[in-house]
Amino acid sequence: MKVVNLTDIHLTRNRDKKLFDVNPYDNFDFVCEEIRRIQNLTGIELIIVSGDIANDGDIDAYRYFLNRMESLKIPYISILGNHDLNKNFEIALAEEKPKYIITSREYNNNNWYMTSVDTVVEGEDYGFITQDNLAELERKIITNRNFNIAIFMHHHAMPVGTPIVDSCMLNNAKAVLELCEKHKVKFIGSGHAHTPRIWHHNNMTACVSPAVSFQWLSGTDTVKISKGFGFNVIDFVPDLSITSCIY
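These numbers come from a predicted model, not from an experiment. Numbers given to residues run from 1 along each chain, matching the order in which its sequence is written. Only residues with pLDDT of at least 70 get local features here, since the model is predicted, and only at 80 or more are side-chain atom pairs given and counted; chain-wide, interface and lining totals rely on the full set of residues. With hydrogens and water set aside, each side-chain value is computed from the structure's full complement of heavy atoms.

Asker: Provide a residue-level description of the packing of aromatic side chains, including the pertinent values.
Answerer: Stacked, edge-to-face and tilted labels apply to pairs of Phe, Tyr and Trp rings (six-membered ring for Trp) whose centres lie within 6.5 Å, assigned for plane angles under 30 degrees, over 60, and everything in between, in that order. Enumeration according to the criterion identifies 14 aromatic pairs in this entry. Among the aromatic residues, those joined into a ring-pair cluster are F30, F229, F231 and Y247.

Asker: Describe in detail the pattern of salt bridges, supporting the description with residues and values.
Answerer: The rule for a salt bridge is simple: a side-chain nitrogen of Lys or Arg has to be within 4 Å of a carboxyl oxygen of Asp or Glu. One pass over the structure, following the stated rule, counts 15 salt bridges. Salt-bridge contacts for D29 lead to R15; the nearest nitrogen and oxygen are separated by 3.1 Å. Highlighted residues: D29 in helix α1 (residues 24-41) and R15 in the loop between β1 (2-6) and α1, separated in sequence by 14 residues. Think of it in three bands: residues with accessible area under 20% of the maximum for their type are buried, residues over 50% are exposed, and the middle band is partly exposed, with areas taken using a 1.4 Å probe on protein chains only. Here D29 falls in the buried class, since its relative accessible area comes to 15%. Assessed through its relative accessible area of 34%, R15 is described here as partly exposed. Among the salt bridges present, the one from R63 reaches D60, with a minimum N-O distance of 2.1 Å. Highlighted residues: R63 and D60, both in helix α2 (residues 59-72), separated by three residues, approximately one helical turn. What emerges from the salt-bridge pattern is a single network uniting R15, D26, D29, E33, R36 and R68. Strands are runs of DSSP state E lasting at least two residues, helices are runs of H or I lasting at least four, and both sets are numbered from the N terminus onward.

Here it is as structure tokens:
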């Protein structure tokens, strides 16, 4: 089962507006064509977008995102990040009525169950999972305990070594990691860090996908970006295989 993890697309209000000399629309268009190419070669079963779809929560950005995603004709889950505005995303959903989006944000096949958890704190860059959301996540894990479990969220739960984003990571990461260890969760995928990383933590793999928009310069504590953008292709075989596609 191959899954593409896109994250941090950061579509701006104006198609021509750049972020740090990067046009996020150009990057997103390129990535969509790459997904189409990979789909033709090997097959992609699902796309998971782990937040910061829009840079300013603009409705037109969400319309563009949904139309581009629909053109791929692959089921997809869209998680929101700290730059997103849920009410505007819901407006775009109601207007566009997309066919391939999985609004439950849950997916399973014969071996794997995938779900998401909300880490966004309104008006803040850092993440936090409320007690209610943690309890709901645990309920879902227990209900689907006969599957291998994969969880996706926006904020990263382990430091990537880049202070500019580690200062605003998931604040209660310890609680979610302990929950995942308790129930033998196999995989945690996230975005937010603009710094790709993979960890093997006991029997669990945790992964931050590269951003579609731009990467922070590794280790930076100031606003400095490096070249490159991309996404991950995750093959959910028993041992997990992760390919970072960087362009």
